[in-house]
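Commentary on secondary and tertiary structure
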Amino acid sequence: MRNTIVSLISIILGLVAGGILMLFIGSNPIEGYSYLLQGALKNLERIGNTLATATPLIFTGLSVAFAFRTGLFNIGASGQMLVGGLAATAVALTFDLSRPILLLVMILAGLVAGALWAFVPGLLKAKFNVHEVVSTIMMNWIAYWTIYYVVPGYFKGEFLETESKKLAESDTLRTPFLTEMFDGSYINLGLFLAVIAVIIIAFIIDKTTLGFELKAVGFNRFAAEYAGMKVNRNIILSMLISGALAGVGGVALYTGNASSIQIGILPAQGYDGIAVALLGANHPVGVFFAAVLFGILYSGTGFMNAMTEIPPELANTIIAIIIYFAATSVMIERLLNKFKARKSNKEDKSGPVVEKGDS
């Protein structure tokens, strides 16, 4: 509950700061936020697009949050997304299977590819205590250049060398009933996968012995080892699960929101996942709502910019300010504690209320 309050205060402070910036450049903040919300939620199509934008962020937010909860910092979600998306794209372009089986194989391929990409930093951390921040960043660039070589070499598009062949509509996560329900939006089955992932990760972390052991290793690996837990195995397992989540995020991005994979682009959703995890207090449910908020901000920016003179960069600034307040949540907690203590002292000084006849 306290984490929820801190996150809400961070959002409010970020929005207030964004409003002040709008006033500073001579724009009306109420009008700006009104168009921002309309751009994201005005009709069914925009709502669908907002949810689709939020879907990869849910996966990367979960990936980072899971690593955080187990004492690790997975900054390599971007690379894990890339290899997950590449694996799913390669399956779709290579095999001629019925749609249900093909989609299942694509998702599994993305999951396994992301997990294997995170396995290397996990192994280096467990065996040689190599910091995972360094190794995951390096893996991001290895993934970047791997895509740069593999896509033009084996899956080159018909007209552009910088992207893979387009997937057929039937080979993507898009499905007619969702597209029709949201008036032509690019919302896809990735959203359902994301909701399932939120439930599974929440269950693993809070309700299972495995989750308890992973968190224990994160709190203190030496104490966990003394208690008989297999520390190295748990570190590697944490990175595998974290990478698998980001890999499926890549499937949702490249075979759901898009229908091809481009070279030369490291997906920003991987780094945004850090912000989503922070704002969501590293809890799966919090991550879900934080990702939806980011989806609203990203989706509504274009409409706000089209209807006003407010630059689209302002939305990124608002997000940055929200993250700043979320990252410095310790200050907000101290202010809350101070306010609570002052209120308690005031009640003590006023003394108990004496009813007539009690004395």
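The rules behind these values
- Residues numbered from 1 in each chain as written.
- Predicted model: local features only at pLDDT ≥ 70, side-chain atom pairs only at ≥ 80, totals over all residues.
- Heavy atoms only, no water.
- Helix = DSSP H or I, 4+ residues; strand = E, 2+ residues; numbered from the N terminus.
- Rg over C-alpha atoms; globule rule 2.2 N^0.38 Å.
- Buried < 20%, exposed > 50% of the residue type's maximum accessible area, 1.4 Å probe, protein only.
- Areas by Shrake-Rupley, 256 points an atom, 1.4 Å probe, with all protein chains shown as cover.
- Lys, Arg positive; Asp, Glu negative; His and termini not counted.
- Charge placed at Lys NZ, Arg CZ, Asp CG, Glu CD.
- Axes fitted to C-alpha atoms, helices over the stretch in contact; angles between N-to-C directions.
- Parallel < 35°, antiparallel > 145°, perpendicular 65-115°, else oblique.
- Left-handed = near helix turned anticlockwise from the far one by under 90°.
- Contact = heavy atoms within 4.5 Å.
- Polar contact = N/O pair within 3.5 Å; in protein donor to acceptor, adjacent residues only side chain to side chain.
- Expected span 1.5 Å × (residues − 1).
- Arc of directions from axis to C-beta.
- 1 Å grid on protein atoms, 1.4 Å probe; cavity = no way out; pocket = protein on both sides within 12 Å on 5 of 7 lines; lining within 4 Å.
- Points joined across faces, edges and corners; volume = space filled by probe spheres on them.
- Nonpolar A, V, L, I, M, F, W, Y, C, P; charged D, E, K, R; others polar.
- pLDDT = per-residue confidence, 0-100.

**Things to note about the overall build of the chain**
Across its full length, the chain holds 15 helices and 0 strands. Computed over the C-alpha atoms, the radius of gyration of the chain is 23 Å, within 12% of the 21 Å expected from 2.2 N^0.38 for a compact globule of 359 residues. Every one of the 359 residues in the chain was classed for burial, and the buried ones make up 50%. Of the roughly 18,100 Å² that the chain leaves accessible, carbon and sulfur atoms contribute 67%. The average position of the 24 basic charges and that of the 22 acidic charges among the side chains of the chain differ by 11 Å.

**Describing the packing of helix α3 (residues 44-69) against helix α13 (residues 284-307)**
Between α3 and α13, the least distance of the axes is 7 Å, while the angle of their chain directions is 135 degrees. As judged from the angle between their axes, α3 and α13 are oblique. The handedness of the crossing between α3 and α13 is right-handed. Contact with α3, carried on its side by R46, N49, T50, T53, A54, L57, I58, G61, L62 and A65, involves P284, V287, F288, A291, V292, F294, G295, I296, Y298, S299 and F303 of α13 and no other residues of that element.

**Let's talk about unusual backbone geometry**
Positive phi, close to 55 degrees, is recorded for A281, a residue that is not glycine. Note that A281 resides in the loop between α12 (268-279) and α13. A positive phi angle, close to 60 degrees, is found at N282, a residue other than glycine. Looking at the secondary structure, you find N282 in the loop between α12 and α13. Exposure remark for N282: the relative accessible area of 19% places this residue in the buried category.

**Looking at the side chain of T89**
Tracing the backbone through its elements, the reader meets T89 in helix α4 (residues 77-94). You can call T89 buried: its relative accessible area is 2%. A distance of 2.7 Å separates a polar side-chain atom of T89 from the backbone oxygen of G85. Those residues in contact with T89 that lie beyond four places of it in its chain are S164, L167, Y254, T255 and I261.

**Remarks on helix α2 (residues 29-41)**
Taking 1.5 Å per residue, 13 residues should reach 18 Å; α2 reaches 18 Å between its end C-alpha atoms and fits that length. All of the buried residues in α2 are P29, G32, Y33, Y35, L36, G39 and A40. Here the buried residues of α2 occupy an arc of 160 degrees about the axis, which is enough to place them on one side.

**Structural notes on the environment of E169**
Within the secondary structure, E169 is located in the loop between α6 (132-154) and α7 (176-181). For the pair E169 and S259, spaced 90 residues apart in sequence, the C-alpha separation works out to 7.9 Å. Apart from residues no more than four positions distant in its own chain, E169 is found in contact with R99 and R174.

**Structural notes on the layout of surface pockets**
For the largest pocket, the calculated volume is near 330 Å³. Tallying contributions element by element places α13 first for the lining of the largest pocket, with 7 residues. By residue class, the composition of the lining of the largest pocket is 11 nonpolar, 6 polar and no charged.

**A few points about the environment of N282**
Remark: the alpha-carbon pair of N282 and F325, spanning 43 residues in sequence, is separated by 15 Å. Setting aside chain neighbours within four positions, we find N282 in contact with A65, F68, R69 and A277.

**Description of the confidence of the model for the chain**
For the chain, the average pLDDT comes to 88, and 95% of its residues sit at 70 or higher. Within the chain, the element-level pLDDT minimum falls on helix α15 (residues 329-350), averaging 72, and the maximum on α4, averaging 96.

**What to know about α6**
Under the 1.5 Å per step criterion, the end-to-end length of α6 is 31 Å for 23 residues, consistent within 8% with the ideal 33 Å. Here α6 has its buried residues at E132, S135, T136, M139, N140, A143, Y144, I147, V150 and V151. Buried residues in α6 make contact with α4, α5 (99-128), α11 (231-257) and α12.

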